[in-house]
Amino acid sequence: MKVLKFGGTSCGSVASIQSVLNIIKAKQAKGETVAAVFSAMGGVTNKLIEAGRLATENDTTYFDLVKEIENRHFEVVRALIDVKSQSKVFANIRIIINELEDLLKGVSLIREISARTSDLIVSFGERLSTTLIYEILHAQAFDCQYLDARKVIRTDDNFGIANVNFEVTNRQIQEFFSKTKSLQLITGFIGSTEKGETTTLGRGGSDYTATLIGGAIVADEVQIWTDIDGMHNNDPRIVKKTFPIKE
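What you see is a predicted model, and the numbers here were worked out from it, not measured in a lab. (Residues numbered from 1 in each chain as written. Predicted model: local features only at pLDDT ≥ 70, side-chain atom pairs only at ≥ 80, totals over all residues. Heavy atoms only, no water.)

1. Some details on the pattern of salt bridges
Then comes step 1: The final tally for this structure, using the stated rule, is 14 salt bridges.
Then comes step 2: Note that Asp207 is salt-bridged to Lys5, the shortest N-O span being 2.8 Å. Of this pair, Asp207 sits in helix 7 (residues 205–217) while Lys5 sits in strand 1 (residues 2–6); the two residues are 202 residues apart in sequence, bridging distant segments of the chain.
Then comes step 3: For Glu197, the salt bridge goes to Arg116, with nearest N and O atoms at 3.5 Å. You can see Glu197 sitting in the loop between strand 5 (190–192) and strand 6 (198–200) and its partner Arg116 sitting in helix 5 (residues 115–139), a full 81 residues away along the chain. (Salt bridge = Lys/Arg side-chain N within 4 Å of Asp/Glu carboxyl O. Helix = DSSP H or I, 4+ residues; strand = E, 2+ residues; numbered from the N terminus.)

See the structure below:
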């Protein structure tokens, strides 16, 4: 099996999500067994963090940010899912959005946000993007399952950058994959404590999720997919005239 990880820019627009779907379909058409891990849509994690901050100030413009997040996901639904199937998908995504709104309302009432609550808030990015891609493939009759990584990745309660309990995590991943043959679509970045509290693995944690899955099932490869060719010698957002390195 190969584990494919797709980052925020790969899940950031209708065109990029269509590219992700094409990659997954092409792998399966070749007879390859894959599992896919997804980050939140590009920019969504930052919007969730900002929404949480605004809620602590009882600034109701956090609703506007949530609406922006909802609209981005709905835009993809309208573009990539048949009209006859859209209403059910809208409803499923809306259930997750409602949960997010309720959480933010609670934060606005107490005017405080803990590290634990912050992790729960930002978890909605991966949960939404992975649900979205699951709904698209499911609507196209693909044999696939949505896997919330909180079910299999066990961590401590060091919220924000939780430490993985490898013994429990490896066992749970192995047990889960031994019982299914379906394509797994997995939320990156998040895990849970023994008490079921949502944790995050730190920024860039979706790469970590992919390698945790790959390591536990002894995958043939873990592939980190991005929207640029290869790796550059520096961060082009900071350093001018970067260039890709060959190896």
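2. Here we look at the sheet that holds strand 7 (residues 221–225)
Then comes step 1: In spatial order, the strands read 3-4-2-1-7; together these five strands make up an open sheet with parallel pairing. Edge strands, defined here as strands with exactly one partner in the open sheet, are strand 3 (144–147) and strand 7. In this sheet, adjacent strand axes meet at a mean angle of 20° when their direction is disregarded.
Then comes step 2: Direction of pairing for strand 1 relative to strand 7: parallel, over a ladder of five bridges. Bridge pairing links Val3 to Val222 in strand 7.
Then comes step 3: On top of the sheet, helix 7 reaches strand 1, strand 2 (34–38), strand 4 (183–187) and strand 7; it is set at about 175° to strand 1, its chief contact. (Pairing = 2+ DSSP bridges. Axes fitted to C-alpha atoms, helices over the stretch in contact; angles between N-to-C directions. Contact = heavy atoms within 4.5 Å.)

3. Thoughts on the packing of helix 1 (residues 14–29) against helix 3 (residues 62–80)
Then comes step 1: At a closest axis distance of 10 Å, the pairing of helix 1 and helix 3 adopts a crossing angle of 60°. With respect to each other, helix 1 and helix 3 are oriented oblique. Crossing of helix 1 against helix 3: the hand is right-handed. Between helix 1 and helix 3, the residues in contact are Val14, Ile17, Gln18 and Leu21 and Glu75, Val76, Ala79 and Leu80, respectively. (Parallel < 35°, antiparallel > 145°, perpendicular 65-115°, else oblique. Left-handed = near helix turned anticlockwise from the far one by under 90°.)

4. Regarding the environment of Ile23
Then comes step 1: Checked against the element boundaries, Ile23 lands in helix 1.
Then comes step 2: Distance from Ile23 to Leu4, taken between C-alpha atoms, is 9.5 Å for residues 19 residues apart in sequence.
Then comes step 3: Beyond its immediate stretch of four places on either side in the chain, Ile23 contacts Leu4, Phe6 and Trp225.

5. Remarks on the packing of helix 3 against helix 4 (residues 83–110)
Geometrically, a packed helix pair is captured by the angle between its two axes and the distance between the axes.
Then comes step 1: At a minimum axis separation of 11 Å, helix 3 and helix 4 run at an interaxial angle of 165°. Regarding the angle of helix 3 to helix 4, the classification is roughly antiparallel. Helix 4 is crossed by helix 3, and the crossing has right-handed handedness. Contact residues: Tyr62, Phe63, Val66, Glu70, His73, Phe74, Val77 and Arg78 in helix 3; Gln86, Val89, Phe90, Ile93, Arg94, Ile97, Leu100, Glu101, Leu104, Lys105 and Ser108 in helix 4.
Then comes step 2: Partitioned by chemical class, the residues of the contact of helix 3 with helix 4 number 11 nonpolar, three polar and five charged. (Nonpolar A, V, L, I, M, F, W, Y, C, P; charged D, E, K, R; others polar.)

6. Considering the environment of Ala210
Then comes step 1: As for its placement among the helices and strands, Ala210 is situated in helix 7.
Then comes step 2: As a C-alpha pair, Ala210 and Thr9 span 201 residues in sequence and 17 Å in three-dimensional space.
Then comes step 3: Discounting chain neighbours no more than four positions away, the residues touching Ala210 are Val3, Lys5, Val37 and Val222.

7. Notes on the packing of aromatic side chains
Then comes step 1: Summed over the entire model, instances satisfying the criterion amount to five aromatic pairs.
Then comes step 2: Each ring, one from Phe176 and one from Phe177, has its centre 5.8 Å from the other, and the planes form 75°; the classification is edge-to-face.
Then comes step 3: For Phe176, a relative accessible area of 25% corresponds to the partly exposed category.
Then comes step 4: Of the aromatic side chains, those joined through ring pairs into one cluster are Phe6, Phe38 and Trp225.
Then comes step 5: The ring of Phe124 has Arg127 sitting right over it, with the charged end atom 4.1 Å from the ring centre. (Phe/Tyr/Trp six-rings, centres within 6.5 Å; stacked < 30°, edge-to-face > 60°. Buried < 20%, exposed > 50% of the residue type's maximum accessible area, 1.4 Å probe, protein only. Lys NZ or Arg CZ within 6 Å of the ring centre and 35° of its normal.)

8. Some remarks on helix 2 (residues 44–56)
Then comes step 1: Taking 1.5 Å as the rise per residue, helix 2 with 13 residues should run 18 Å; its terminal C-alpha atoms sit 19 Å apart, in good agreement.
Then comes step 2: Listed as buried for helix 2 are Val44, Thr45, Leu48, Ala51, Gly52, Leu54, Ala55 and Thr56.
Then comes step 3: If you follow the buried residues of helix 2, they end up packed against helix 3, helix 4 and helix 5.
Then comes step 4: Of the residues flanking the end of helix 2, it is Asn58, one or two places downstream, whose phi is positive at about 55°. (Expected span 1.5 Å × (residues − 1).)

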